[in-house]
Amino acid sequence: MSTKVSRREKIRYRIRKKISGTAKTPRLSVFRSNSDIYVQLIDDTNGTTLASASSRDKDIKAQSGTKSEKSRLVGMALAQKATALGLTTCVFDRSGYLYHGRIKSVADGAREGGLQF
């Protein structure tokens, strides 16, 4: 019996075999819950999170709009933190989610903010 979650986990592991982040080009990992979205820039060689942002941050939570619009703001916030650290490129990890809706909004927001992937 394959549930939706276990199916996504299999896809996630398959993606993670192929991509990994370094200090110069970290992995932009996305986690989507029903109500919020969380993104992190991860350096897999050292196993550290370099920057993170989520829709639960005070400045983003105060904004009104749809979940997709907030996701775009989260992507822009992460890109801002990344440029402050001197990072311009990253590898996008959609974590088994389809590249559509909120996941696409995060990617577009990060690109708008100046990240390249």
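Note that the coordinates shown come from a computational prediction; the quantities given were computed from them, not determined experimentally.

1. Some thoughts on the overall build of the protein chain
Tallying secondary structure elements over the protein chain gives four helices and four strands in all. Its C-alpha atoms give the protein chain a radius of gyration of 14 Å, within 12% of the compact-globule value 13 Å for 117 residues. With the C-alpha coordinates of the protein chain rotated into their principal frame, the extents come out at 40 × 35 × 20 Å. Counting across all 117 residues of the protein chain, residues that qualify as buried make up 37%. Of all intrachain contacts in the protein chain linking residues separated by at least 6 positions in sequence, the fraction that spans at least 24 positions is 61%. Accessible surface computed for the protein chain: about 7100 Å², of which carbon and sulfur atoms make up 51%. Side chains of the protein chain give 23 positive and 10 negative charges; the mean places of these two sets differ by 7 Å.

2. Description of the pairing of strand β3 (residues 48-54)
Two elements, strand β2 (residues 37-43) and β3, share six bridges in a ladder whose sense is antiparallel. Bridging across to β3, Asp 43 finds its partner in Thr 48. The antiparallel pairing of β2 with β3 creates a hairpin that spans four residues between the two strands, and Gly 47 there sits at a positive phi of about 70°.

3. What to know about the pairing of strand β1 (residues 27-32)
Here β1 runs beside β2; their pairing, made up of six bridges, is antiparallel. Across the sheet, residue Arg 32 finds its bridge partner in β2, namely Ile 37.

4. Notes on the environment of Asp 36
Structurally, the position occupied by Asp 36 is in the loop between β1 and β2. Residue classification places Asp 36 among the buried positions, given a relative accessible area of 13%. The sequence separation of Asp 36 and Arg 16 amounts to 20 residues, and the corresponding C-alpha distance is 23 Å. Excluding its chain neighbours within four sequence positions, the residues that come into contact with Asp 36 are Phe 31, Ser 55, Arg 56 and Arg 102.

5. Here we look at the layout of surface pockets
Roughly 340 Å³ of volume is contained in the largest pocket. Lining of the largest pocket is provided by Lys 4, Val 5, Arg 7, Arg 8, Ile 11, Arg 32, Arg 94, Gly 96, Tyr 97, Leu 98, His 100 and Gly 101. Broken down by element, the residue count for the lining of the largest pocket peaks at five residues, all from helix α1 (residues 4-18).

6. What to know about the packing of aromatic side chains
The full count for this structure, using the stated rule, is three aromatic pairs. Between the aromatic rings of Phe 92 and Phe 117, the centroid separation amounts to 5.2 Å while the plane-to-plane angle is 10°, which identifies the pairing as stacked. Residue Phe 92 is located in strand β4 (residues 91-93), and its partner Phe 117 is located in the segment after α4 (102-113); the two are separated by 25 residues in the primary sequence. A relative accessible area of 31% places Phe 117 in the partly exposed class.

7. Details of the pattern of salt bridges
One pass over the structure, following the stated rule, counts nine salt bridges. When salt bridges with common partners are traced through the structure, they connect Arg 16, Arg 27, Asp 44 and Asp 93 into a single cluster.

8. Quick notes on a positive patch on the surface
Together, Arg 7, Lys 10, Arg 14, Lys 17 and Lys 18 make up a positively charged patch on the protein surface. In this fold, Lys 18 is placed in helix α1.

About the criteria used
- Residues numbered from 1 in each chain as written.
- Predicted model: local features only at pLDDT ≥ 70, side-chain atom pairs only at ≥ 80, totals over all residues.
- Heavy atoms only, no water.
- Helix = DSSP H or I, 4+ residues; strand = E, 2+ residues; numbered from the N terminus.
- Rg over C-alpha atoms; globule rule 2.2 N^0.38 Å.
- Buried < 20%, exposed > 50% of the residue type's maximum accessible area, 1.4 Å probe, protein only.
- Contact = heavy atoms within 4.5 Å.
- Areas by Shrake-Rupley, 256 points an atom, 1.4 Å probe, with all protein chains shown as cover.
- Lys, Arg positive; Asp, Glu negative; His and termini not counted.
- Charge placed at Lys NZ, Arg CZ, Asp CG, Glu CD.
- Pairing = 2+ DSSP bridges.
- 1 Å grid on protein atoms, 1.4 Å probe; cavity = no way out; pocket = protein on both sides within 12 Å on 5 of 7 lines; lining within 4 Å.
- Points joined across faces, edges and corners; volume = space filled by probe spheres on them.
- Phe/Tyr/Trp six-rings, centres within 6.5 Å; stacked < 30°, edge-to-face > 60°.
- Salt bridge = Lys/Arg side-chain N within 4 Å of Asp/Glu carboxyl O.
- Patch = residues over 30% accessible without salt bridge, like charges linked within 9 Å, V, L, I, M, F, W, Y side chains within 5 Å.

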